[in-house]
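# Working through the structure, step by step
Listed below, chain by chain, are the residues.
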Amino acid sequence: MTLMTVENVGFSYGTGQRVLKDISFTVPRGSNVGLVGESGSGKSTLLRLLLGLESPQSGRILFDGKPLEAKNARYMRDYRKCVQAVFQDPYSSLNPAHHIRRIVTEPLRSLNVPGDHLEMARDAIAAVGLSPDTLGRYPHQFSGGQRQRIAIARAIVARPELVLADEAVSALDLSTRVRVVDLFEEISERMTMIFVSHDMGVVAALCDRIVVLDRGHIVEAGETETILKDPQHPYTRSLLASIPRMPATT
Amino acid sequence: MSNLLTVNNLTLATADKVLVEVLSFSIAHGERFGLIGESGSGKSLTSLAILGLLPPAIRPMGSITLEGEEIVGAPERLLGGLRGSVVASVFQEPLTALDPLMPLGRQIAGPVRRRLQREGRDRDRATVKGEVHDLLDQVRLPDPKRLYGSYPHEVSGGQRQRVAIAMGLACQPRLLIADEPTTALDVTTQVEIIRLINTLVEELDIALLFISHDLAVVGQVAERVMVMRHGRAIETGDTQQVLTRPQDDYTRNLVTAARRFDDALEGQK
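Given the structure is predicted, the values throughout are model-derived calculations rather than measurements. Residue indices follow the written sequence of each chain, beginning from 1 at its first position. To label them, take the chains in the order written and letter them from A, then take the ligands in the order written and number them from 1. Selection of residues for local features in this predicted model requires a pLDDT of at least 70, selection of side-chain atom pairs for listing and counting requires 80 or more, and totals for whole chains, interfaces and linings are taken over all residues.

## Looking at the overall build of chain B
In terms of regular secondary structure, chain B is built from 11 helices and 10 strands. Computation of the radius of gyration draws on C-alpha atoms, with the globule rule given as 2.2 Å multiplied by the number of residues to the power 0.38. Since a compact globule built from 269 residues should have a radius of gyration of about 18 Å, the 19 Å found for chain B is in line with a globular shape. In terms of overall dimensions, chain B has a C-alpha envelope of 55 × 50 × 35 Å along the principal axes. Residues classed as buried in chain B amount to 45% of the 269 residues present. Here contacts are defined at the residue level, using C-beta atoms placed from the backbone and a cut-off of 7 Å between them. Within chain B, contacts between residues separated by at least 24 positions form 66% of all contacts whose residues are at least 6 apart in sequence. Numbering of helices and strands runs from the N terminus, with a helix taken as a DSSP run of H or I at least four residues long and a strand as a DSSP run of E at least two residues long. For the exposure call, what matters is how many other C-beta atoms sit within 10 Å of a residue's own: 20 or more marks it buried, 12 or fewer exposed, and in between partly exposed, using C-beta atoms placed from the backbone.

Put into structure tokens, the structure is as follows:
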């Protein structure tokens, strides 16, 4: 079953050049889809459209079979209950003046989610592998990897159907990155995920489907395994060939 | 063979914190040496100490010798001479390393003029321009005529990094320090810059200190590597050896992590 459908979407900022041209793909419910591209590929713009921060000038985006109405405040409130995001920089995405309890329960308050918010926050913090006393502390008391776990707890606390992750592990050190990727993998068993990243290795580790973007176009889309084994488009081939690999163990 | 660079018991500390602790390593003439470390490992501070560019709040102890000259405690007069003639550097972000208001040709001409002066040669416009064109050729920049008059924002990130490398080479150093030179670049550009650095180091027979958090990238450049953590050297050895049969637990974890994403690309989860 399809959770999200992007149909012939086109977008440009102001009167400028088209940033996205005729973008179409689907996100099956329960899947992990990776949107991969280098700088200027349009992947961040596409993410803004999926979050409802911008509206496409042509084509449409369907969520759960219904068109995404980015300009309809009531619709967007419901949409945000279903869709949450994790961003790249855990230093700018957490308000330094708020304690973690307030940060993690924020979506519950702003979306008027019924129930015991503190209990839900405890569950979310436990789900990302942090101890319960985390809730009483402040962002500066945590490392980058821990902060990203807190950002993930905030994204999952309202039990969304879809989590959008924008370069969510790119700012992390390698050893931390592996652990946060493990966490995403675990969480993704319970929800649908879209990973936007320039890092093909991370996307390959996490996603069962990949959409490759280059200068506003989809050059190739399909199952991860197929694309890695037998890339069809020259751009995908050069992208894969460019990734530095570890020396072979002999 | 005598060493070009010798770092001996280097300790870098602020008033209340030790940032790099009793670090020792050396780089031979023409050797490609890699420094691997995560954030906070002290790898970039080490490179700044070699350049004599430490912030005033950080006190160096121990010894750093570059072609026999002691860097620690040396007066700026001496350091200024060594920078360029013996050691030059390329940093992560070419956009901040270059002056946004000056055409690229003039930026490269600066260090070229300094070298000509050092060698007691003519610094007339034609000589300088000729040398700049040679450097643009050397770093494989297309259309040198257009680039000479272009501003940094008018060229791509990869081209900017080539210009920064050209500026580093302008003084014909014996050691090039490259601190995360490809980290801000797309992978398809990264591969070209790695190739360029390898070719230039070979062609010009200069030594390289290549600093990166990316094990696979270091693996494509360095013959010998040192892994740093929390300001200390964890493991030093032949690159192939360290990246395939690491001895230390921390290195082993890093290698396993890097291999996990490599394996994912091979279709093994």
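## Details of the overall build of chain A
Within chain A one finds 9 helices and 10 strands. Principal-axis analysis of the C-alpha atoms places the extent of chain A at approximately 55 × 50 × 35 Å. The buried share among the 250 residues of chain A stands at 44%. The long-range fraction of contacts in chain A, counting pairs at least 24 apart against all pairs at least 6 apart in sequence, stands at 67%.

## Structural notes on the sheet that holds strand β3 (residues 32-36) of chain A
Consider a sheet: its strands pair through backbone hydrogen bonds, and that pairing is either parallel or antiparallel. Residues and elements named next belong to chain A. Between any two strands, at least two bridges found by DSSP are needed for them to pair. The 6 strands lie next to each other as β6-β7-β8-β3-β9-β10, forming an open sheet whose pairing is mixed. At either margin of the open sheet sits one strand with a lone partner, and together these are β6 (83-86) and β10 (217-223). Each neighbouring strand pair of the sheet contributes to a mean axis angle of 15 degrees, computed without reference to strand direction. Relative to strand β9 (residues 209-214), β3 is paired through 4 bridges, and the arrangement is parallel. For valine 36, the partnering residue across the bridge sits in β9 and is valine 212. With axes taken as lines fitted to C-alpha atoms, and helix axes fitted only over the stretch in contact, angles between N-to-C directions fall between 0 and 180 degrees. Here helix α5 (residues 144-156) sits on the sheet and contacts β6 and β7 (162-166); the angle it forms with β6, its principal contact strand, is near 175 degrees.

## Structural notes on the interface of chain B and chain A
Every contact between the two is made by 28 residues of chain B and, on the other side, 24 residues of chain A. For the side of chain B that touches chain A, the secondary structure elements donating two or more residues are α8 (187-204), α9 (215-219), α10 (239-244) and α11 (249-265) of chain B. For the side of chain B that touches chain A, the residue count by class is 12 nonpolar, 10 polar and 6 charged. Any residue that is not Ala, Val, Leu, Ile, Met, Phe, Trp, Tyr, Cys, Pro, Asp, Glu, Lys or Arg is counted as polar, Gly included; the first ten are nonpolar and the last four charged.

## Focus on the nonpolar core
In summary, soluble globular proteins display a tendency toward joint burial of nonpolar side chains. Of all hydrophobic cores here, the largest spans 150 residues; its most connected members are Ile194 of chain A together with Ile108, Ala166 and Leu175 of chain B. Each of two domains, domain 1 (1-86 + 175-184 + 206-248) and domain 2 (96-172) of chain B, supplies a minimum of three residues to this core. When sequence neighbours within four positions are dropped, the list of residues in contact with isoleucine 108 of chain B reads Val132, Leu135, Val163, Ala166, Met167 and Ala170 of chain B. For this entry, the nonpolar core is defined as buried Ala, Val, Leu, Ile, Met, Phe, Trp, Tyr and Cys residues connected by C-beta atoms within 7 Å. Boundaries between domains were set according to an automatic or database domain assignment.

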